[in-house]
Amino acid sequence: MKQKEKNPVLTGFMGSGKTTVGIRLSYRLRRPVEDTDRLIERREGLRISEIFAEKGEAYFRERETELLRELGARKYPCVYSVGGGTPVNPENRALLKGLGTVVYLRVRPETVYERLRGDTTRPLLQCDNPLERIRGLIESRREAYEACADVILDVDDMEIEEISDRIILYVR
């Protein structure tokens with residue numbers, strides 16, 4: 001079980017780089033990467049935005065928790081990247097800790113806004129003032145992110161390689 005403690009588990013707000021960093025870590029650590037949002041999309045046959053629109057956020061969050069339970073039963077080393085809202089549920093925070101070393105990729109609201117401006121696939125940002133929405137969501141999730149993090153990295157001004165290097169130091 002020692003190996004399981006060393007799986008990188010990437011958390012953070014949408015646009016923080018979880019997917020990109022997860023792919024890079026997968027390559028460098030020679031482990032598969034499991035992106036929980038992509039797994040749920042495959043199972044449901046719908047994109048996240050479609051799940052939210054057709055079945056609601058509560059339905060999506062239930063699928064997310066079920067998936068984390070399943071992933072916790074796996075016995076092989078992996079890199080995990082989880083959806084931005086995953087840590088909000090206290091049960092999910094405990095499940096994330098069970099998957100490995102939880103790394104919170106902390107990002108400023110302005111950085112998220114610049115990265116995601118014009119992205120219509122993010123259901124939570126389809127509003128009149130996305131920057132204010134981002135600020136509010138980050139602040140409302142901050143405590144949850146920090147509560148489950150083993151490591152917090154401020155990633156606004158970091159390149160993917162530097163982020164990956166630091167995470168590898170923490171998981172080895």
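Residues numbered from 1 in each chain as written. Predicted model: local features only at pLDDT ≥ 70, side-chain atom pairs only at ≥ 80, totals over all residues. Heavy atoms only, no water.

### Some details on the environment of I163
And then number 1: Assignment of secondary structure puts I163 in helix α8 (residues 160–171).
And then number 2: If near-sequence neighbours (up to four positions away) are discounted, I163 is found in contact with V21, L105, L153, V155 and M158. (Helix = DSSP H or I, 4+ residues; strand = E, 2+ residues; numbered from the N terminus. Contact = heavy atoms within 4.5 Å.)

### What about helix α5 (residues 90–99)?
And then number 1: Among the residues of α5, those classed as buried are N92, L96 and L99. Each buried residue of α5 sits inside an arc of 55° when the element is viewed along its axis, so together they form one side. Of the exposed residues in α5, the ones pointing more than 90 degrees away from its buried face are P90 and A94.
And then number 2: Buried residues along α5 sit in contact with β1 (8–11), α4 (57–72), β3 (79–81), β4 (101–106) and α7 (130–148).
And then number 3: After α5 finishes, the residue G100 shows a positive phi value of roughly 160°. (Buried < 20%, exposed > 50% of the residue type's maximum accessible area, 1.4 Å probe, protein only. Arc of directions from axis to C-beta.)

### Some points on the packing of helix α2 (residues 36–44) against helix α3 (residues 48–55)
And then number 1: Relative orientation of the contacting elements α2 and α3 amounts to 60°, with a least axis distance of 9 Å. Between α2 and α3, the interaxial angle falls into the category oblique. In the crossing of α2 with α3, the sense of the turn from one axis to the other is left-handed. Every residue of α3 that contacts α2 at D37, R38, I40, E41 and E44 is listed here: I48, I51 and K55. (Axes fitted to C-alpha atoms, helices over the stretch in contact; angles between N-to-C directions. Parallel < 35°, antiparallel > 145°, perpendicular 65-115°, else oblique. Left-handed = near helix turned anticlockwise from the far one by under 90°.)

### Regarding the packing of α5 against α7
And then number 1: At a minimum axis distance of 9 Å, the contact between α5 and α7 shows a crossing angle of 30°. Looking at the two axes, α5 sits roughly parallel to α7. For α5 against α7, the interelement crossing comes out right-handed. Residue-level inspection shows R93, L96 and K97 of α5 in contact with α7, the latter providing A144, A147 and C148.
And then number 2: Here the residues of the contact of α5 with α7 are counted per class, giving four nonpolar, no polar and two charged. (Nonpolar A, V, L, I, M, F, W, Y, C, P; charged D, E, K, R; others polar.)

### Looking at the packing of aromatic side chains
And then number 1: In this structure the tally under the stated criterion is two aromatic pairs.
And then number 2: Over the ring of Y59 we find R63; its NZ or CZ atom is 4.3 Å from the centre of that ring. (Phe/Tyr/Trp six-rings, centres within 6.5 Å; stacked < 30°, edge-to-face > 60°. Lys NZ or Arg CZ within 6 Å of the ring centre and 35° of its normal.)

### Here's the deal with the side chain of R63
And then number 1: When you line up the elements, R63 lands in helix α4.
And then number 2: With relative accessibility at 16%, the residue R63 sits in the buried group.
And then number 3: Apart from the residues within four sequence positions on either side, R63 is in contact with I40 and E44.

Spatial relationships are all this shows, so hold off on functional conclusions.
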